[in-house]
Amino acid sequence: MTRVYGTGVYDFRRHRVAEYPVAAPLLEKPADSTNVPSSITLSEIQRDRLTKIATENWAITADSDPKKPFSSDLVSEIYYTELTVKGGRKPVPLQRVMILEVSQYLENYLWPNFSPETASFEHVMSMILMVNEKFRENVAAWICFYDRKDMFKAFLERVLRLKEGRSLTIAEKTNYLLFMINAFQSLEDEIVSERIMRLASLECWHSLSYGRFQMELCLNENLIKKWRRTAKRAKDATKRGETFDPTTMVEANFLRNLIVEFLEVLDCEVFSLNTKVDGDNGQVGHGSEDVSDACVLYCERFMELLIDLLSQLPTRRLVRPLVADVAVVSKCHLSVLYRHEKGKLFAQLVDLLQYYEGFEIDDHQGRQMTDDEVLQAHYRRLQAFQLLAFKKIPKLREVALANIGAINRRADLAKKLSVLSPEELRDLVCTKLKLVSKDDPWSGRVDFLIEVMVSFFEKQQSQKESINALPLYPNEQIMWDESLVPSINYSGEGCLALPKLNLQFLTLHDYLLRNFNLFRLESTYEIREDIQEAVPHLLGYINNEGETAFRGWSRMGVPIKQFKIREVKQPNIGEVKPAAVTAEVTFSISSYKAQIRSEWNALKEHDVLFLLSIRPSFEPLSAEEAEMATVPQKLGLQYVRGCEIIEIRDEEGTLMNDFTGRIKRDEWKPPKGELRTVTIALDTAQYHMDVTDIAEKGAEDIYSTFNILMRRKPKENNFKAILESIRDLMNETCIVPDWLHDIFLGYGDPSAAQWTNMPDLLEKVDFKDTLLDAAHVKDSFPNYKVCFINSDGTDNLNPCPPFRIKFPTTLEGKLFTLPGNETAKKSLEASSGKDGDHSDKVELLVEAYIPPDPGPYPQDQPKQNSVRFTPTQVGAIISGIQPGLTMVVGPPGTGKTDTAVQILNVLYHNCPSQRTLIITHSNQALNDLFEKIMERDVPARYLLRLGQGEQELATDLDFSRQGRVNAMLVRRLELLGEVERLARSLQLPEDVAYTCETAGYFWLLHVYSRWEQFLAACAENKDKPTLVQDRFPFKEFFSNTPRPIFTGESFEKDMRAAKGCFRHLRTMFQELEECRAFELLKSTVDRSNYLMTKQAKIVAMTCTHAALKRKDFLHLGFKYDNLLMEESAQILEIETFIPMLLQRQEDGYARLKRCILIGDHHQLPPVVKNMAFQKYSHMDQSLFTRFVRLGIPYIELNAQGRARPSLAKLYNWRYKDLGDLPSVRENDIFRRANAGFSYDYQLVDVPDYHGRGETAPSPWFYQNEGEAEYLVSVYIYMRLLGYPANKISILTTYNGQKLLIRDVINRRCVPYDFIGPPHKVATVDKFQGQQNDFVLLSLVRTRFVGHLRDVRRLVVAMSRARLGLYVFCRRSLFEQCYELQPTFQLLLQRPDHLALNLHETTSFTDRLVEDTGPVQLVSGLEEMENIVNYRMHLVYQAQAMNHHQMNEFSDGNMPMEEIDNSEENGMANGETSIDHMQTSAAGDDKDLLADKSDNTTRVDASAEEEVQNEIQGTNS
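Presented here is an overview of the structure given in this document. Bear in mind that the values here come from a model prediction, so they are computed numbers and not experimental data. (Residues numbered from 1 in each chain as written. Predicted model: local features only at pLDDT ≥ 70, side-chain atom pairs only at ≥ 80, totals over all residues. Heavy atoms only, no water.)

Quick notes on the overall build of the protein
We count it as follows: Helix and strand assignments come from DSSP, with helices taken as H or I runs of at least 4 residues and strands as E runs of at least 2, each series counted from the N terminus. When a residue's accessible area, from a 1.4 Å probe over protein chains only, is under 20% of the maximum for its type it is buried; when over 50% it is exposed; and in between it is partly exposed. Contacts were defined at the residue level, with two residues in contact if any of their heavy atoms lie within 4.5 Å. Using a 1.4 Å probe, the Shrake-Rupley method yields the accessible areas, and only the shown protein chains count as cover for residues.
The number of helices and strands found in the protein is 60 helices and 34 strands. When burial is assessed residue by residue, the protein has 57% of its 1516 residues classed as buried. Relative to all contacts within the protein whose residues are 6 or more apart in sequence, the contacts with residues 24 or more apart total 78%. Split by element, the accessible area of the protein, about 64,500 Å² in all, is 50% carbon and sulfur.

Considering the sheet that holds strand S28 (residues 1241–1245)
The criterion, for reference: At least two DSSP bridges between two strands are required for those strands to pair. Lines fitted to C-alpha atoms define the axes here, with helix axes fitted over just the stretch in contact, and angles between the N-to-C directions of these axes take values from 0 to 180 degrees.
Taken together, 5 strands build an open sheet; the order of strands is S28-S32-S31-S29-S30 and the sheet is parallel. Of all the strands in the sheet, just S28 and strand S30 (1320–1323) have a single pairing partner and so form its edges. Adjacent strand axes in the sheet meet at a mean angle of 20° when their direction is disregarded. Here strand S29 (residues 1288–1292) runs beside S30; their pairing, made up of 4 bridges, is parallel. Across the sheet, residue Thr1292 finds its bridge partner in S30, namely Thr1323.

Examining helix H53 (residues 1351–1358)
Put simply, the rule is: Any pair of nitrogen or oxygen atoms within 3.5 Å is treated as a polar contact; in protein, a donor-acceptor pairing is required on top of that, and neighbouring residues in sequence qualify only through side-chain atoms on both sides.
Burial analysis of H53 places 8 of its 8 residues in the buried class, which makes it a mostly covered element. Residues of H53 that are buried: Val1351, Arg1352, Arg1353, Leu1354, Val1355, Val1356, Ala1357 and Met1358. Capping of H53 at its N-terminal end is provided by Asp1350; its side-chain oxygen lies 2.9 Å from the backbone amide nitrogen of Arg1352.

Considering the pattern of salt bridges
Our working rule: We count a salt bridge whenever a side-chain nitrogen from Lys or Arg sits within 4 Å of a carboxyl oxygen from Asp or Glu.
Taken as a whole and assessed by the stated rule, the structure comprises 91 salt bridges. The shortest N-O distance in the salt bridge between Glu451 and Arg410 comes to 3.1 Å. Taken together, the residues span a long stretch of sequence, with Glu451 in helix H23 (residues 446–457) and Arg410 in helix H21 (residues 410–417) at a distance of 41 residues. We note a salt bridge from Glu700 to Arg615, for which the minimum N-O separation is 2.8 Å. With Glu700 in the loop between helix H30 (684–697) and strand S14 (708–710) and Arg615 in the loop between strand S10 (608–614) and helix H28 (623–628), this residue pair connects regions lying 85 residues apart in the sequence. The class for Arg615 is partly exposed, based on a relative accessible area of 36%. What you see here is one network of salt bridges that share partners, running through Glu101, Glu107, Lys134, Glu137, Arg1349 and Glu1379.

What to know about the pairing of strand S31 (residues 1332–1338)
The test is simple: Orient the strands so they point away from the viewer; a crossover is then right-handed if the path from the first strand over the helix to the second runs clockwise.
Where burial is concerned, most of S31 is hidden: 7 out of the 7 residues are buried. Inspection of the sheet shows S29 paired to S31 by 5 bridges, in the parallel sense. Bridge pairing links Thr1292 to Ser1338 in S31. Strand direction decides the pairing type here: S31 and strand S32 (residues 1361–1369), joined by 6 bridges, are parallel. Across the sheet, residue Leu1336 finds its bridge partner in S32, namely Tyr1366. A crossover links S31 with its parallel partner S32, the connecting element being H53, and its sense is right-handed.

A word on a nonpolar patch on the surface
The condition is simple: Patch membership requires more than 30% relative accessible area and the absence of a salt bridge. Residues of like charge join within 9 Å; the nonpolar side chains Val, Leu, Ile, Met, Phe, Trp and Tyr join within 5 Å.
On the surface, Tyr1001, Leu1004 and Leu1005 cluster together into a nonpolar patch covering about 350 Å² of accessible area. Here Leu1004 is to be found in helix H39 (residues 996–1020). Relative accessible area serves as the criterion here: at 53%, Leu1004 is assigned to the exposed category.

Re the packing of aromatic side chains
Rules: Stacked, tilted and edge-to-face pairs are distinguished by plane angle, under 30 degrees for stacked and over 60 for edge-to-face with tilted covering the rest, among Phe, Tyr and Trp rings (Trp via its six-membered ring) whose centres lie within 6.5 Å.
Tallied over the full model, the rule gives 70 aromatic pairs. Considering the side-chain rings of Phe70 and Tyr109, the 5.0 Å spacing of their centres and the 55° angle between planes classify their relative orientation as tilted. Of this pair, Phe70 sits in the loop between helix H2 (49–57) and helix H3 (72–82) while Tyr109 sits in helix H5 (residues 105–110), and the two are 39 residues apart along the sequence. Aromatic side chains Tyr511 and Phe744 sit 4.7 Å apart centroid to centroid with 70° between the ring planes, which places their arrangement in the edge-to-face category. Taken together, the positions of Tyr511 in helix H26 (residues 508–534) and Phe744 in helix H32 (residues 738–745) put the pair 233 residues apart, joining distant regions of the chain.

Structural data, given as structure tokens:
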């Protein structure tokens, strides 16, 4: 049946390619130059020595000559002359590495010629550098090694033994560390993890000190058996006469040796010898010139490696004792670097390592420890220490008898330990407590021993306490801390004090904390950018009174007239921060125009504002000072504090923008005056910190200095609600369903949450309108023997839909295979209980049943699906309606939305009492989904759309909360009118239709009782054909049906019709019962809340809305059973997680039964603006992508219906087996060629234009004028042929090029109304999820490939076009790019000059797509412009002739017939013709290629010859 995939070779690779400036220019220039890459041209790269070597030895180009044989001397020469650095912080010369990596040095030279026996140190080290560079650029790093997996194991073995008998430079050590970091971050790659994970296995405990080893084995008894097995292997080897010493294995000492090496560098090499130590106080005196930047980077990288090892459970379990045994954290705390100004980042990383070392988790069970368990463990440790002190150490009698509160703080414990002599202290720490080894060189230092003791016994702040104490708003200290919130130009060369989102998390708290920190810092970055944008416009200065004043104005920032704290509430019990802090801010909007005034007046409750304190320098900064100054110093910015609006009032004190109902709508008045007073809630945690600083340190009172109030765009200002949601989740328990918990954290059996392994399966599923006929059923279940039966179990020889299918209970696992991921594959086979090899097909019972008559009126007929779902889509639907986790990968054009809608439809009919929540990333996707749901058989009253986008729905009905309430009230009146008519028809009083309640009584007393009497009468007289017609009690009510209900021919037929009529009545009264709540509830708010929490069965919203309103959903008791998430590969991990938790658990259990994620991890990921969070922390990894990487089974849709099969080949290599639907092979529109073009897709090589290729007027703002001009010329050519503008989109990979193309269009196209602008000019990233018939694509770059190396961006770019794709780029650059080979090899099978068919002069052609016709290759941009100019000339001629004829006609000189003939010959007004094209194209696709000979500007054959002649003349 359906194939379910796990991770295979081509499934998921790292693709996060980023743009960044390259620090050192390529050619010989001063080393400190900071030019961005625009300083180098392609010709300079081509002249470069490395490029020439590459061309001679390994580079594959179009005109490549035979290559020289492999030379290890060349590898060594390149390594020492190009890849090593002489001093400085950077471990590699970045641009040299980039040139080598782009030329495929690794793939074409180093790896094919690697041999473990003969490869030199330089060869292995060069490979390490190339792999590191791939990781830095976030492209697939390990993929080239898949062809020789055994050789790759040998390579890793060489890497692990690389240091044996050789000393490395500090840069080489750093590069080596970086390779290990990258390897440990790739544990989903089995070729890597198999060898690398052995470094963190039990063997590494051979290097533990004996005391620590004994202690760890006592704490983990189950490890004793494993250890004995290891020892037994050694004994057996000795018996056989073999030498097997486990302590000499690489695994035994690898990590220990790395740690020892690090401590040597930290202790001896970071500071050079002239660093002075003050003998009296042990303080270190040093100048910045003494610090080795390269050693600092090495130390930072080492901290990163240890943090990575301790933050993943598989490596943490056995590595943590090793880190504790050497006391790495304590030694780092005491190091000089930790306190040095250049060690700020190092210190932050040490603190992060300390946090992970003491993480609240049971390492061996992988279980989150509760706060109480953590506290009890802490008490047990201290009590054991007190007992030891009491028995063995008389000097510590005071410690032994003290209460725990007196000794669990750092200062108290250190003071009490100071009574011991150094020898006694050493004996206590090393011998009695066994915290460190006696042999440790640091064990003689008293400060070290005390630090070890204190860090082991002190009480740590719990995770909940730490997150609750964090302010939600950023302040100025965090905002401009480069190690926390780096600038945009993070190049990936250094590490940062940030958590990483990789494959696995220790616990849910760990998951939430990492996401909390990253989301907080990402929003901090955006706020910082807004402040830097707003403040300079205010033009602050110091006036004569010495106070800050402003002579400018800013749209987003306004000077504060008055600020005062209004109330500080007492702290809640058990807390130290105030319960609430409110303040009032007054400001004036008098200096603003009406538009900006209205923006300030639109501020409302819960909007976030920022209070700024600006104090500019008295005199402007000199050029030198400005260069040295930080951004806050340049802006004069002292403090930043966030706040949330409680209410806003005008000058007269009247409440504005009230949505709570305090002001009635009819009493609302426009705001008066120009002063506005905002009551705000300050962050209590930040306020407490500030007040404490004032009291304890004598700091300035920040709250008396605020002079600017800043707002942000509402769409970008929702960070606080999301952070609050994460913080609330940290304080809740049991938040994720048990069936999803382990998988969510990245552990256990990847297929555990698949429906085949879940309890409470739906054994029989009614597929309703999913399967269109019997043949469709058989096609959908090819692995089954399909048997059709009737409802009574007899064989059905003529089956008709709808169908119910009973699934076999023992063989569900057989439906799914999982190529590529061995662990998941084995678990699937185990769950099915079979080996999966069955020659005979399993029987599948399909019941064809006759649905009951829906009713006599047209509106009673159910809406029917017309999509013929493929077997894979049917498999996805089956998986989606069963409990558990369903993952559907939907390549471009494979019907993701149709599949999702059908899952919802079938789910509604099979589980009518369950509620489903739909989440998407964008409003557009949500609206597409919603519009399709309304075309299915789901009543509109059960649909609800929340959020801002419902007004964009292209429907007559309003699906917002207010719209649904109004619809229910209108429907109530309609139904009561029908009840009144029914009462009249039964000759009863009409007042039964007064309310829904009275209608309910009427149903029971009169309607249902009559029906029961009728059924009883029919049961006794089934042999009378006309009985139903004669005795039916509601005949008069149904007298207005379009056709007579009863025929009197057969009792069965009439009885079926009668039941249909009764069903209509029952539905009517059921709807009235549902309307009753809206009758009883009087306020709009209550009605809409009831609708959302009780009435609606399918509720849809965006992920942003879900995060913003989580608190409200919990408060209202919102419930749902199923979650369906579209575009889930485009949603941030935390924004996917929050929608799973919009309800409170019931009796300690989560209610969620199904989670359906639909997305495509081969297309672009979520947008993360700051490159550092994207590249270093992998924040742009979606939950969907992480699940795919973990090997969780997924279903990949495998038939596309968007593009021509030839166009689909450009990207379908990225998917398992993506084929084409019959429609794209058979429909005329896909079979006909693109008129005027020889090919349906082409790569057009664009050389330098006016001597230039790409340019960058400012960093990352890439433009290419030649491509822009060429592309617009082709667009004009298409418009002159008659292609409609709304069928053409222009895409590019950079914003700079997008703006340039728009400028060219405004200059060359907009002035001519018969050309006009295209449908869209956009970046590839923004166009994801959209499509058009024809796409013109500019790739811009001519020096480095840039972020198109991200294969996901390439897939999006290639999959937007349905009929024609024309790619404008620099061939010589892109054909060399390893990652893009499959696509560019196809593109380059065709000429790289644009091939036109100049004989075709309209947008219609009968030519088939395989037929190129007469080919005219365009030599370049100038020739294209000549063709366009000549075509324009012909249009003008046609217009002039037409105008002349019209004048003659008006003078009465031209016969009528001649006018008709001239129009038939195509000489009609050109403007009209093209406008007609556009209007006609708005219809069906088929209209696009319909013959428009009546209205299209035609050029006859002789004119065509003139075109050819003119072009040839130009060329010559």
